[in-house]
Structure formats: C-alpha cells, structure tokens
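Now for the letters of each chain:
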Amino acid sequence: MTAPQSAAAAARSHVENPRRSKVAQTLGRAGMACYGLVHLIIAYLALRIAFGGGTGQAADQNGALQEIGSNAFGTAVLWVLAVGLIAFGLWQVLMAATGYEWVSGGKRVRKRLGSGGRAIVVFALGYSAIRIAVGAGSSAGNQRQQEATGKVLALPAGPALVVVAACCVAAVAVASGVKGVRQSFLEDLDTSELPRGTRRWVARLGTGGYVAKGVVLALVAVLLGYAGLQSDAREAGGLDAALRTLAGQPFGAVLLTIVALGLAAFGAYCFGAAWAHKR
C-alpha cells in the first residue's frame, strides 16, 4: 500500500470509527463525569460512617444513588445520571472493541478487557439509577453480593469457586493499586489538554483514587474469600461491607477517613480524565 493509500485508509478509519465521533465523545465524557460524581457521594457516605453516622445508608453505589434521590429534584438528577452512566457504558464498550490504539500488545488487550468490565459495572449502575428514579427501589450491594455468593456456594465445588472469585477480585485490587502508584493511568490522557495548573493535581488525584479503590477491592476480596472458606454467604459483602469492616478495626475511623478521601480523589480525577482522555 502506497503512502497516499495508507493515509486515505487511516482517514476512512478515523471517520468510520463511531468511538471517535463527536456525539460518542461528548456523551462518554459526560458519563465519566457522572461516574465521578457517584464516587464523590460514596466518599461522603463513608465519611459519615467514619464519624459515627450513616447507619441507615449503604456506603456504596446504590447508597449514593439513593442519597441523590432523597434530595429535592433528586428524581430529575437520577434520570440525568442514568443517561450519563449508560452513555459512559456505551463509550466503554466502544473502547473495549476498538480503543487504546496508543498502546499495543498485551497492554492494549488488558486495557480493552478493563473497559469491558467497566461497561458491565456502569450499565448495572445506570439500571439501578432508573429503578430508584421510578420508585422501584434497588437491593443493597451487600445483599446482592450475598445472594450471588449463596448461589455459587450451592454448586458442586462452590466454596472453591468462591475462593477463586475472591482471588480474581484481589488481582484487580492489586492492579488498581499498581496503576495508581505507577501513574500508568496517565497513558490514557492527553495532559496537554488540561489547564496547566491542574495537570499535576490530576496525576495526584488519580494516584490517590486508584490506590484507595485497590484497598477497598482488597477488603471485598478478603470478605469473599472468607465466605468461601466458611461456606457461608453471609460473610460476603460489597463496597459497603468493606468500608464498615475497615471502620471496625483499630484506628478504623482514621483509616476509613483516609480511604474516603481517596475515593473522593478518584471522583475528582474522573472529571479531569473526562476532559483529557485520549480519543
């Protein structure tokens, strides 16, 4: 293929790829900001637990959505969030299919798989927002986790499968922590698009956010693994159970406050990432 032909093919690919369209970019980035907002509210709920409050509200994604719905104009905000989260999920599907062209090999495969998993999580979150907005409610994350764990435990070799699942969650936790420490998330950003005074802060927020998410996921993995070893689904739990477990440890209030600030940092990072994510 000659150079002009190659350039023409690249131009056609750029035009034909729906991921690069202005509509997809705008909706996806707005959705990422919505995802960040959810994490900011989770951080707020975690801080309430750390300081002795929040006993009636789960400090997880569903708890954050219910907190939004409990306020004035909450239903309208939930619908906006639902649309934004679904748009973000669709953007992640496109990223999983054709994205991360700025890296290659195994790294690109891992990033695309990560986008696929993120899309599932975000779609579920958007669905929960719709259910809460229409008054249908949504089961708590801990309850869903325990129900799913109970079904797996009932299978042949169920406890072993739960332990394997816990190991997978632990692997994701380690990957999140490493991503934060190494700041490899910056590979996906065009930091030149950020205002000069914010570039360093976006990097710091991303580091704190990914490390905090790694800590929380590690706690979820511990709870899940213990449930498998004990063959007791009641020992499993989601984000809310992980945060409350952390609060129950020595110096738990301090530890939970640190993690909550990390989750808030991730929420703030999402706003910067939405602005500067590579196309």
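The text that follows walks through the structure, step by step, so that each part is easy to find. (Residues numbered from 1 in each chain as written. Predicted model: local features only at pLDDT ≥ 70, side-chain atom pairs only at ≥ 80, totals over all residues. Heavy atoms only, no water.)

Observations concerning the overall build of the protein
Looking only at helices and strands, the protein features 10 helices and 0 strands. Mapped in sequence order, the helices and strands of the protein form the string α-α-α-α-α-α-α-α-α-α. A buried classification covers 43% of the 279 residues belonging to the protein. Sequence separation of at least 24 residues holds for 72% of the intrachain contacts in the protein that already meet a minimum separation of 6. As displayed, the protein has an accessible area near 13,900 Å², and 67% of this comes from carbon and sulfur atoms. (Helix = DSSP H or I, 4+ residues; strand = E, 2+ residues; numbered from the N terminus. Buried < 20%, exposed > 50% of the residue type's maximum accessible area, 1.4 Å probe, protein only. Contact = heavy atoms within 4.5 Å. Areas by Shrake-Rupley, 256 points an atom, 1.4 Å probe, with all protein chains shown as cover.)

Comments concerning unusual backbone geometry
At Tyr 100, a residue that is not glycine, the phi angle is positive and equals roughly 60 degrees. Summarising the element assignment, Tyr 100 is placed in the loop between helix 4 (74-98) and helix 5 (105-133). Overall, the relative accessible area of 4% leaves Tyr 100 in the buried class.

So, the environment of Met 95
Here Met 95 is to be found in helix 4. With 18 residues separating them in the primary sequence, Met 95 and Leu 113 have C-alpha atoms 9.3 Å apart.

Thoughts on the packing of aromatic side chains
Applying the stated rule across the entire model yields 9 aromatic pairs. Aromatic side chains Tyr 100 and Trp 102 sit 5.5 Å apart centroid to centroid with 65 degrees between the ring planes, which places their arrangement in the edge-to-face category. Exposure remark for Trp 102: the relative accessible area of 25% places this residue in the partly exposed category. Among the aromatic residues, those joined into a cluster by ring pairs are Tyr 35, Phe 88, Trp 91, Phe 185, Tyr 210, Phe 266 and Tyr 269. For Lys 213, the ring lying beneath its charged end belongs to Phe 266, and the centroid distance is 4.7 Å. (Phe/Tyr/Trp six-rings, centres within 6.5 Å; stacked < 30°, edge-to-face > 60°. Lys NZ or Arg CZ within 6 Å of the ring centre and 35° of its normal.)

Structural notes on the side chain of Lys 179
Looking at the secondary structure, you find Lys 179 in helix 7 (residues 158-182). There is no salt bridge for the buried Lys 179, and the closest opposite charge comes from Asp 188, which lies 4.7 Å off by N-O distance. Setting aside residues no more than four positions away along its own chain, Lys 179 makes contact with Arg 118, Ser 184, Phe 185 and Tyr 210. (Lys, Arg positive; Asp, Glu negative; His and termini not counted. Salt bridge = Lys/Arg side-chain N within 4 Å of Asp/Glu carboxyl O.)

Here's the deal with the side chain of Ser 115
With respect to the helices and strands, the residue Ser 115 is situated in helix 5. Every residue in contact with Ser 115, bar those within four places of it in the chain, is listed here: Gln 92, Met 95, Ala 96 and Tyr 100.

A few points about helix 8 (residues 199-230)
For helix 8, spanning 32 residues, the distance from its first C-alpha to its last is 47 Å, which sits close to the expected 46 Å at 1.5 Å a residue. Just past helix 8, the residue Ser 231 takes up positive phi, approximately 55 degrees. (Expected span 1.5 Å × (residues − 1).)

Looking at the nonpolar core
Ranked by size, the top nonpolar core spans 50 residues in total, and within it Met 32, Tyr 35, Leu 65, Leu 243, Leu 256 and Tyr 269 carry the most contacts. Put simply, the parts of the chain that give this core at least two residues each are helix 2 (22-50), helix 3 (61-69), helix 4, helix 5, helix 8, helix 9 (239-247) and helix 10 (252-276). Top element by residues in this core is helix 2. It accounts for 11 residues. Apart from residues lying up to four places away in sequence, Leu 65 is in contact with Val 38, Leu 78, Leu 81, Leu 125, Ser 128, Ala 129 and Ile 132. (Core = buried A, V, L, I, M, F, W, Y, C linked by side-chain atoms within 4.5 Å.)

Examining the pattern of salt bridges
With the rule as written, the count across this model stands at 7 salt bridges. With a shortest N-O distance of 3.1 Å, Asp 232 and Arg 234 are connected by a salt bridge. Since its relative accessible area comes to 17%, Asp 232 is described here as buried. Across the pair Arg 244 and Asp 240 runs a salt bridge whose closest N-O atoms are separated by 2.9 Å. Within this pair, Arg 244 and its partner Asp 240 are both found in helix 9, separated by 4 residues, close to a single helical turn. Here Arg 244 falls in the partly exposed class, since its relative accessible area comes to 29%. For Asp 240, a relative accessible area of 5% translates into the label buried. Connected via shared salt-bridge partners are Lys 107, Lys 111, Glu 187 and Asp 188.

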